[in-house]
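Residue-level listing of the chains:
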Amino acid sequence: MSQIDRASENTLEDALVWATSHGLLMIPPSGKSYPGSYVHPPFSLTPSPVPRTLFKQAYELAEDFNLLVHRVSQDREFLYETLEPCRQGDEFTATLLDILKESESFESPQQPIVLGVHRSDYMAATGEGGPWLRQIEINTIAASFPMLSHATCALHRYVVSRYGAGCSLQDLPEHNASAAAIPHAIARAFALYEQQQRQQRAQHTPQCKLVVLMVVQEGERNVFDQRLLEHRLWDSHSVPVVRCSLPDIYAKADVHRLSHALLITDDVHGHVEAAVTYFRCGYTPRDYPSQKEWAARRMIERSVSIKCPNVAYHLAGTKKIQQVLVDPARLARYADDEGSARLLRCFAGLYSVSDPDADQAAMQRAIANPHTFVLKPQREGGGNNLYGHDVRTALQSMTATERGAFILMDRIVPPVRAHTPVVKEGALVWADTTWELGVYSVFLAHGPATHVNSAAGHLLRSKVATSNETGIAAGFGFLDSPCLT
């Protein structure tokens, strides 16, 4: 029996001190914080078992999904046609489509440099011959926790080396590259922009200090994940970061009429130019409470700043696009035979519930057996999906227009890890849990030339087995790391 199994208070205290000293922290929830107060995000005290074959498969899919997102984003007619059924029932997606359409008529030139920082999330599906790797979704905007995931892996390596924890060091992934690979890709994009603009601009065009503009939520709790990335950009690449909310951008930014540069002015940073605009918000309607936020998003989109993501990449990550691409004939438009085969092996059952292509048979199965399906809107951030009897109620009560905002997915039944030690609010609790594996990937291209296409580390999140959601920032799950079996 390992020392962890005896729930040693010394082990817990040691882990908490390690987490604090390495920045594994968040801001407390509203009403529980004061200036300078921090808490640990919930995390597993020991790594969770993950089949080595599934872990390897998820990494091997990273380049395929990067290319898929990129190629889909370039096919504007496909985006319009596929997402049109969502328009009337989903104002958020409709506005993004409007911005995409507007971008085609902007006076400013289209920025040919594109940067994607993605995370494809998977679960293990149990069943005959399983477990099988099944994709849950792909996040093409604001893929969070690359830095805290790296810290959690390092914490678990420390705990295993000191206390055993039922796992050997040889079974931990050798390296989680997320803390280095994502800043590196952003820095590469920054350098491409600097070179591009130096070649294109006339001498009389004002030259400002170049920065990465990190677009953040007001009242952001996941500050340390963002700040650690900011610090890595500076320490490793000498790339400065300016943090702004969408209201900040509306008030302090403008697009230069000649260069179409995105310029920001404030008392702290003076006049700066956003070489790269890196979104860590903007994925939910809550980020756009007024037209000011939408005006800021449009301003960014019409500038020559390299958007991460641009609006086409954002839309390429929607659930409706995911659902349509499970059709092998549709997928074949964007992936070669080998890539299509790899992608199809990880797809879960996904079904349309919107006219004119609603899968009536799947809808009837979901009404009869709602606990075997999930109803998913075009949303990110956790807490949006419908489960169980809510699936039946929604399908029976929604109009065809309202259904256009959703897709239907087979519910995945994952293996359960019994008696997992979880650290929450500084205390050790034990729970039966399941995990969700996310693999980060980065893609950087300048027109037809691809500069970066690679996996970029991983995130393991776990949740109590009886919970439906795994979002950590949303309060459903906890940080974890894999022990490969």
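Scoring rules and cut-offs
Residues numbered from 1 in each chain as written. Predicted model: local features only at pLDDT ≥ 70, side-chain atom pairs only at ≥ 80, totals over all residues. Heavy atoms only, no water. Helix = DSSP H or I, 4+ residues; strand = E, 2+ residues; numbered from the N terminus. Buried < 20%, exposed > 50% of the residue type's maximum accessible area, 1.4 Å probe, protein only. Contact = heavy atoms within 4.5 Å. Areas by Shrake-Rupley, 256 points an atom, 1.4 Å probe, with all protein chains shown as cover. Expected span 1.5 Å × (residues − 1). Polar contact = N/O pair within 3.5 Å; in protein donor to acceptor, adjacent residues only side chain to side chain. Salt bridge = Lys/Arg side-chain N within 4 Å of Asp/Glu carboxyl O. 1 Å grid on protein atoms, 1.4 Å probe; cavity = no way out; pocket = protein on both sides within 12 Å on 5 of 7 lines; lining within 4 Å. Points joined across faces, edges and corners; volume = space filled by probe spheres on them. Nonpolar A, V, L, I, M, F, W, Y, C, P; charged D, E, K, R; others polar.

K.L.:
Even after reading the chapter, I still don't get the overall build of the chain, so can you show me in this structure?
P.N.:
In terms of regular secondary structure, the chain is built from 17 helices and 19 strands. Viewed in the frame of its principal axes, the chain has a C-alpha envelope of about 70 × 55 × 45 Å. Per-residue burial for the chain yields a buried fraction of 57% across its 485 residues. Pairs at least 24 apart in sequence give 73% of the contacts found in the chain among residues at least 6 apart. Summed over all atoms, the accessible surface of the chain reaches about 20,200 Å², with 50% contributed by carbon and sulfur.

K.L.:
Hey, could you run me through helix α3 (residues 62–74) in this one?
P.N.:
Since the α-helix advances by 3.6 residues per turn, residues separated by three or four positions end up pointing in the same direction. Taking 1.5 Å of rise per residue, 13 residues should cover 18 Å, and α3 covers 19 Å from first to last C-alpha, within 8% of that figure. Inspection of α3 places Ala-62, Asp-64, Phe-65, Asn-66, Leu-68, Val-69, His-70, Val-72 and Ser-73 among the buried residues, and these make up the whole buried set.

K.L.:
Any chance you could explain the side chain of His-156 here in plain terms?
P.N.:
Tracing the chain through its elements places His-156 in helix α6 (residues 146–163). Within the structure, His-156 has its side chain in polar contact with the backbone oxygen of Ser-44 (distance 2.6 Å). Sequence-distant contacts of His-156, defined by excluding residues within four places in its chain, comprise Ser-44, Leu-45, Thr-46, Pro-47, Leu-172, Asp-480 and Ser-481.

K.L.:
I would appreciate a short explanation of the environment of Arg-345 in the present structure.
P.N.:
Within the element layout of this structure, Arg-345 appears in helix α14 (residues 337–346). With sequence-adjacent residues up to four places away left out, Arg-345 is seen in contact with Gln-57, Leu-133 and Arg-134.

K.L.:
Any chance you could explain unusual backbone geometry here in plain terms?
P.N.:
For the bond running from Cys-308 to Pro-309, omega is 10 degrees, close enough to zero to count as cis. Along the chain, Pro-309 turns up in the loop between β10 (306–308) and α11 (311–316). Here the residue pair Asp-355 and Pro-356 is connected by a cis peptide bond, since its omega of 10 degrees sits within 30 degrees of zero. One non-glycine residue, Ser-238, adopts positive backbone phi at about 55 degrees. Note that Ser-238 resides in the loop between α8 (223–237) and β6 (241–244). Accessibility expressed as a relative area gives 51% for Ser-238, which makes it exposed.

K.L.:
Whenever I open this one, the pattern of salt bridges confuses me. Can you help?
P.N.:
Side chains that differ in sign of charge can pair as their charged atoms come close. Throughout the structure, instances matching the rule amount to 17 salt bridges. Asp-171 serves as the salt-bridge partner of Arg-52, at 3.3 Å between the closest nitrogen and oxygen. Of this pair, Arg-52 sits in helix α2 (residues 52–60) while Asp-171 is found in the loop between α6 and α7 (178–200), placing the two residues 119 residues apart along the sequence. Relative accessible area serves as the criterion here: at 38%, Arg-52 is assigned to the partly exposed category. Of the charged contacts, one joins Asp-225 and Arg-280 as a salt bridge, the two residues approaching to 2.6 Å between their closest N and O atoms. With a gap of 55 residues between them, Asp-225 in helix α8 and Arg-280 in the loop between β9 (270–279) and α10 (291–302) connect regions that are remote in the sequence. Just as Asp-225 is buried, Arg-280 falls in that class too.

K.L.:
What is the right way to read the environment of Asn-385 from this model?
P.N.:
Positionally, Asn-385 belongs in the loop between β12 (373–377) and β13 (386–387). Separated by 117 residues in sequence, Asn-385 and Val-268 have C-alpha atoms that sit 41 Å apart. Within polar-contact distance, the side chain of Asn-385 engages the side chain of Tyr-387 at 3.4 Å.

K.L.:
For this particular structure, what's the right way to read the side chain of Thr-95?
P.N.:
Along the chain, the position of Thr-95 falls in helix α5 (residues 91–103). The class of Thr-95 is buried, set by a relative accessible area of 13%.

K.L.:
Just checking my understanding: could you explain empty space enclosed by the protein for this structure?
P.N.:
Empty space among the atoms can be located by rolling a probe the size of a water molecule over them. Using the criterion set out here, one finds three cavities of 30 Å³ or more in the structure. What lines the largest cavity is a set of 13 residues, among which Leu-68, Ile-138, Ala-316, Gln-322 and Leu-325 lie closest to the centre. Among the elements of the structure, α3, β4 (132–139) and α12 (319–324) are those that each provide at least two residues to the lining of the largest cavity. Of all the elements, α3 adds the most residues to the lining of the largest cavity, at four residues. Residue classes in the lining of the largest cavity are distributed as nine nonpolar, four polar and no charged. Of the pockets and cavities examined, the second largest cavity occupies roughly 100 Å³. Surrounding the second largest cavity, 14 residues form its lining, His-314, Thr-318, Gln-378, Arg-379 and Glu-380 being those nearest its centre.

Such coordinate-based values are descriptive only and should not be taken to indicate function.
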